[in-house]
Amino acid sequence: MSKLKHKWSLGHNYLTGITFGMWCKVLAANGFRISPAYLHRAAAVTAASIGNSAFAGIERLRFGKQIDSAGDVAPPLFILGHWRSGTTLLHDLMAQDTAQFNYPNTYQVVNPLTFLTTENALSRLMAGLLPATRPMDNMAMSFASPQEDEFAPLLMTGASLYLGTSFPDRMGHYEKHLSFADADPDVRTAWKDAFVTFVKKLSLNCSRPLVMKSPPHTARIKLLLEMFPDARFVHIHRDPYRVFQSQRHFFDTAGWYTYMQRPDLDAIDEGILRRYTAMYDAYFADRDLIPRGHFDEVRYDDLTADPVGQVGGIYDALGLQNFDSFRPQLQAYVDTLEGYQKNRFDTLSPDDRALVARRWHRSFETWGYPK
């Protein structure tokens, strides 16, 4: 990996949606340690946070009572799977069923405390500032695109594994927020409260069930069921060797846009291996908690080979209705993906293959991937 890529970039940084008070708490928790190379990023986040705080106050005055008095929302459908396993593709496919589902979009997840007030105006004014594709895989992106919800409770509570990428000196601390099983109980409760609040806000103007995805949710089945006992889940898995290569690529592309501290590049591979294991330890421990008929599992290769057929299978497995009426809309979207080129990677070295096969042996054996 190269040194300090995209050093001067201010784009692709989710922290620009944080409020000033929460930004101060995050900085304090990290001892105000910002690497000199990234001081300009910290300054930009600080400036944005002041405006976010003002709009958050306005939003609370306008919608606070409505949010607080909102009743239970429709049980969401959660898409699970490790990073780079196809969760974004599956999310995009399911989100095309706009007659049945709602979903959080890019603007909403990075502005969770202000989007009811600012989205209509600022998502148009700022559209030109958002790159048309994601840096790690060139998938299309806009403020209206379905987006993973992890960023919303992160910005509301300062609790997320993702802060360990921005502040790698404390990655060990933030890894507790993968499953929250070993996190401070007060932090766990605050995160749950923030997540429910965000879901209620998304549901104020649209009562359809939310289809949501966040790779860390793969380790949070028990936590999600505490909030939404009737939720549905779809898990997508992929060849572990490809996951490892693609996750390496992620840290050498998208990761560089969010660093606030100089990363230890020699620790990247071990972190990937460790977090994958922690995620699937939690997943396999809690998967059987999901009620019968509320869970399905798909292979990435099967989904890319037959997107419409695989989504139809998910509808059957989860008891979802009206797939036949949704099929033409889904097919039309799939047709727009024709010609998309997936990332290509060099073959893993024999030592790397042996390491991945040993550390992630359960995934190879459970899902039948050849070593």
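Structure first, text after, so check above.
Residues numbered from 1 in each chain as written. Predicted model: local features only at pLDDT ≥ 70, side-chain atom pairs only at ≥ 80, totals over all residues. Heavy atoms only, no water.

Draft legend 1. Up close: unusual backbone geometry. Non-glycine residue Phe32 carries a positive phi angle of around 55°. Topologically, Phe32 is positioned in the loop between helix H1 (20-29) and helix H2 (39-69). When its relative accessible area of 55% is taken as the criterion, Phe32 is described as exposed. (Helix = DSSP H or I, 4+ residues; strand = E, 2+ residues; numbered from the N terminus. Buried < 20%, exposed > 50% of the residue type's maximum accessible area, 1.4 Å probe, protein only.)

Draft legend 2. The arrangement of helix H16 (residues 350-359) in detail. Three or more residues of H16 are buried, namely Asp352, Val356 and Ala357. All buried residues of H16 project into a common sector of 130° when viewed along the axis, lining one side. Exposed and oriented more than 90 degrees from the buried face of H16 are Pro350, Asp351 and Arg358. Of the surrounding elements, those touching the buried residues of H16 are helix H11 (240-251), helix H12 (268-286) and helix H17 (361-367). (Arc of directions from axis to C-beta. Contact = heavy atoms within 4.5 Å.)

Draft legend 3. Region of interest: the nonpolar core. In terms of nonpolar packing, the biggest core is built from 81 residues, with Tyr14, Leu15, Trp23, Phe78, Phe167 and Trp360 touching the most fellow members. Not counting residues up to four positions away in its chain, the partners in contact with Phe78 are Phe195, Met212, His217, Leu224, Phe228, Ala231, Arg232, Phe233 and Val234. Grouped together as the second largest cluster of nonpolar side chains are 25 residues, Leu90, Ala95, Tyr300 and Val334 included. (Core = buried A, V, L, I, M, F, W, Y, C linked by side-chain atoms within 4.5 Å.)

Draft legend 4. Highlighting the sheet that holds strand E2 (residues 211-213). With respect to topology, four strands assemble into an open sheet ordered E2-E1-E3-E4, the strand pairing being parallel. Two strands in the sheet have a free side with no partner beyond their single neighbour: E2 and strand E4 (295-299). On average, each strand axis in the sheet is inclined to that of its neighbour by 20°, with strand direction left out of account. Here strand E3 (residues 232-237) pairs with E4 via five bridges, running parallel. Bridge pairing in E4 links Phe233 to Phe295. On top of the sheet, H12 reaches strand E1 (77-80), E3 and E4; it is set at about 135° to E3, its chief contact. (Pairing = 2+ DSSP bridges. Axes fitted to C-alpha atoms, helices over the stretch in contact; angles between N-to-C directions.)

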